[in-house]
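Observations on the three-dimensional arrangement
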Amino acid sequence: MLFFYSFAKKTKKFNPMSVKIAPSILASDFANLQSEIEMLNASEADYIHVDIMDGVFVPNISFGIPVTEAVNRHAKKPLDVHLMIVNPDQYLEAFHKAGAEIISVHYEACDHLHRTLQAIRNLGCKTGVALNPHTSVSLLEDVIQDIDLVCLMSVNPGFGGQKFIENTYSKVRQLKALIERKGTSTMIEIDGGVNENNAPLLIAAGADVLVAGNFVFSSNDPIETIKRLKSLKN
Ligand SMILES: O=C(CO)[C@H](O)[C@H](O)COP(=O)(O)O
């Protein structure tokens, strides 16, 4: 519970009963990043989702440490940093210093996931593990107690604006069952193709955090879109 409230400390409006929304700035206007962050500050978003892509782990390059640091300078919401990179251990400290509150690494990119999670914890950040669509949640059985947030990829990582993969619902239910069986307070985050049609089903399956890129930033009124997503019930 303490963990839950510490995430909320930077958030002005906070309703513990509602799903949390993490707009992905991958879909924002990079030429106007400061005003995009100020828009998110004024919204009901819970986190700012920051996608780091290296062109190796995923077939796209987004931005890196200096941009994350610049975002953090203006952000009044916690940064939820998703590392889609190889050798994440090498950059954990740099992203911590750049302002990350949650650091998610990919299961598929870590040879020694337990060690990586300890390193994230030792920096004082919350630990996140992202799973590609083909990766089974059962692989987290022996490490779930060390994970604050599991990010289930509902698209193949690398690009915004892709179609949501329907198998995600079943993965959310499996992960929820694992978390309940192990008695951890791990949050379930969904990333990719989230919109107001699939969001209620994801919430019903057990999702705690919804990442939304294009659905928010391509809408006519992103602040209103975030509010609508946040008010959705299962
Ligand atoms: O991780 C990502 C892509 O790898 C993005 O965060 C994700 O795609 C969100 O964007 P959208 O909501 O537009 O799908």
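Within each chain, residue numbers correspond to sequence positions counted from 1 in written order. It should be noted that, the model being predicted, local features are given only for residues of pLDDT at least 70 and side-chain atom pairs only at 80 or more, the latter also being counted only at that level, while totals for whole chains, interfaces and linings use all residues.

Looking up the protein in an unreviewed UniProt entry gives the name Ribulose-phosphate 3-epimerase, with the organism given as Rhodonellum psychrophilum GCM71 = DSM 17998. UniProt positions are given in the numbering used here, feature names are shortened, and annotations may be inferred rather than shown by experiment. Taken verbatim from the UniProt record of the protein, the Catalytic activity (unreviewed entry) comment is "D-ribulose 5-phosphate = D-xylulose 5-phosphate". Checking UniProt for the protein, the heading Function (unreviewed entry) contains the comment "Catalyzes the reversible epimerization of D-ribulose 5-phosphate to D-xylulose 5-phosphate."

**Notes on the site of the ligand**
Ser-24, Pro-157, Gly-160, Gly-213 and Asn-214 are the nearest of the 22 residues found near the ligand. Put simply, DSSP H or I for four residues or longer makes a helix, DSSP E for two residues or longer makes a strand, and each gets a number counted from the N terminus. At the level of elements, strand E2 (48-53), strand E8 (209-212) and helix H8 (214-217) are the ones that each hand at least two residues to the shell around the ligand. For this classification, the nonpolar set comprises Ala, Val, Leu, Ile, Met, Phe, Trp, Tyr, Cys and Pro, the charged set comprises Asp, Glu, Lys and Arg, and every other residue, Gly included, is treated as polar. When grouped by side-chain class, the residues that make up the shell around the ligand number 9 nonpolar, 11 polar and 2 charged. As a rule, any residue with its backbone-derived C-beta atom within 6 Å of a molecule or strand is reported as near that molecule or strand.

**Some details on the nonpolar core**
A set of buried residues qualifies as a nonpolar core if it consists of Ala, Val, Leu, Ile, Met, Phe, Trp, Tyr and Cys joined through C-beta atoms within 7 Å. Counting other C-beta atoms within 10 Å of a residue's own tells you its class, since 20 or more makes it buried, 12 or fewer makes it exposed, and anything in between is partly exposed; those C-beta atoms are placed from the backbone. In terms of nonpolar packing, the biggest core is built from 67 residues, with Ile-48, Ile-103, Val-150 and Leu-210 touching the most fellow members. Here this core takes 5 residues from strand E6 (residues 149-153), the largest share from any one element. By the convention adopted here, residues make contact when the C-beta atoms placed from their backbones lie within 7 Å. In this structure, Ile-103 is in contact with Val-81, Leu-83, Leu-92, Phe-95, Ile-120, Cys-125 and Gly-128, ignoring residues within four places of it in sequence.

**Structural notes on helix H3 (residues 65-74)**
Of all the residues in H3, the buried ones are Thr-68, Val-71 and Asn-72. Taken around the axis of H3, the buried residues stretch over an arc of 100 degrees, which confines them to a single face. Facing away from the buried side of H3, by more than 90 degrees, are the exposed residues Pro-66 and Arg-73. Residues of H3 that are buried sit in contact with helix H2 (33-41), E2, strand E3 (79-84) and helix H4 (92-97). In this description, the arc belongs to the directions extending from the helix axis to the C-beta atoms.

**Things to note about the pairing of strand E7 (residues 187-191)**
Across the 5 residues of E7, 5 count as buried, placing the element largely inside the fold. Residues Met-187, Glu-189 and Asp-191 line one face of E7 and the alternating positions Ile-188 and Ile-190 line the opposite face, and both faces are buried. Bridge count for E6 against E7 is 5 bridges, and the pairing is parallel. Within E7, the position partnered with Leu-149 by the bridge is Met-187. Regarding topology, helix H6 (residues 168-182) serves as the crossover connection from E6 to the parallel E7, and that connection is right-handed. Strand pairing is assigned whenever DSSP identifies at least 2 bridges connecting the two strands. For a crossover, the right-handed case is the one in which the path from the first strand over the helix to the second runs clockwise, viewed with the strands pointing away from the viewer.

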